[in-house]
Amino acid sequence: MLSYLNVELAKKHLFNQKNLQQTALETGLSGTGRLHDLFIKIEGMTPFEYKNGGENLTIYYSFFDSPLGEFLVANTEKGVCSMSFVDEREKSLGELKAIYPNARFVAQIHPLQQKAMVFFSDTPQGLKLHIKGSPFQLKVWQALLRIPVGEFSSYRHIAEQIQHNNAQRAVGSAVGKNPIAVLIPSHRVIRENGIIGEYRWGRGRKIMLLAKEQTDQEGYHE
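Residues numbered from 1 in each chain as written. Predicted model: local features only at pLDDT ≥ 70, side-chain atom pairs only at ≥ 80, totals over all residues. Heavy atoms only, no water.

Asks: Go over helix H8 (residues 168-176), please, and point to the residues and values.
Replies: Those residues of H8 that fall on the buried side of the exposure criterion are Val171, Ala174 and Val175. The buried residues of H8 occupy an angular sector of 100 degrees when the element is viewed end-on, so they sit on one face. Contact partners of the buried residues in H8: helix H6 (135-145) and helix H7 (155-161). (Buried < 20%, exposed > 50% of the residue type's maximum accessible area, 1.4 Å probe, protein only. Helix = DSSP H or I, 4+ residues; strand = E, 2+ residues; numbered from the N terminus. Arc of directions from axis to C-beta. Contact = heavy atoms within 4.5 Å.)

Asks: Which residues make up the pattern of salt bridges, and what values do they have?
Replies: A complete count under the given rule lists seven salt bridges for this structure. Measuring nitrogen to oxygen at the nearest pair gives 2.3 Å for the salt bridge that ties Glu192 to Arg156. Here Arg156 lies in helix H7 and Glu192 lies in the loop between H8 and helix H9 (203-221), a separation of 36 residues in the sequence. For Arg156, a relative accessible area of 26% gives the class partly exposed. Three or more residues are tied together by salt bridges with common partners; here these are Glu43, Lys78 and Lys128. (Salt bridge = Lys/Arg side-chain N within 4 Å of Asp/Glu carboxyl O.)

Asks: Can you lay out the packing of aromatic side chains for me, pointing to particular residues and giving the numbers?
Replies: Scanning the model with the defined rule gives six aromatic pairs in all. For the ring pair Tyr61 and Phe63, a centre distance of 6.4 Å and an interplane angle of 90 degrees mean the geometry is edge-to-face. Look at Tyr61 and you get buried, because its relative accessible area is 13%. Its end group placed over the ring of Phe105, Lys97 keeps NZ or CZ at 5.7 Å from the ring centre. (Phe/Tyr/Trp six-rings, centres within 6.5 Å; stacked < 30°, edge-to-face > 60°. Lys NZ or Arg CZ within 6 Å of the ring centre and 35° of its normal.)

Asks: Any details on the layout of surface pockets? Residues and values, ideally.
Replies: A volume near 520 Å³ is recorded for the largest pocket. In terms of lining residues, the largest pocket is bounded by 25 residues, among which Ser84, Glu95, Ile99, Arg200 and Trp201 are the most central. For the lining of the largest pocket, the residue count by class is eleven nonpolar, six polar and eight charged. (1 Å grid on protein atoms, 1.4 Å probe; cavity = no way out; pocket = protein on both sides within 12 Å on 5 of 7 lines; lining within 4 Å. Points joined across faces, edges and corners; volume = space filled by probe spheres on them. Nonpolar A, V, L, I, M, F, W, Y, C, P; charged D, E, K, R; others polar.)

Asks: How would you sum up unusual backbone geometry? Please name residues and give values.
Replies: Positive phi, close to 75 degrees, is recorded for Asn56, a residue that is not glycine. Mapped onto the elements, Asn56 comes out in the loop between helix H3 (47-51) and strand E2 (58-64). For Asn56, a relative accessible area of 69% corresponds to the exposed category. In the Ramachandran plot, Gln163 falls in the positive-phi region, its phi being about 60 degrees despite a non-glycine side chain. Judged by relative accessible area, Gln163 falls into the exposed class, the value being 70%.

Fair warning: the whole summary comes from geometry, so function is off the table for now.
In structure tokens, the structure reads:
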């Protein structure tokens, strides 16, 4: 797993790949990696839930360990609504509650959380996400799901995919607000010049996730 990796080793692994630049510039939907959107479906909040801060929603949440640190996973009865790396529990939980200020929060492990947390060993199948986002954000996050494992995309490419060619800055903002770490793979978005760039949950984690996926794909094709 990832526990043996550190940031410098991951950087070396990534930047020594001969096809990294080409992959970053030419990435599309033609890759052979598994497409996440075959296994994970997004359902947006209703207008009422979106505008009223999760009123009438019960959100279950728990903390889980992962090779990259602790995770906060939360769900409604309809699906997983948040997955985030945790550096400070109170801060992470506070950020979640700020998104859904009127929801009822219950500290309880839920089967949907456990299903989502298999991602370090496999792709969760048949998992539904129930997330809060604008129509534009939902389009961007759906596009992220179509980036195959082991491949990369750029803000320009995603803007073209959702037919908003001149909205690269807005795409970047939506990518940065992705509420589902790893499963909605915003870590696979890098700059067109091959620079890894920032990540909502830390650039070091982004590099390590990419290195793990690249290694897994190389092993798969051997």
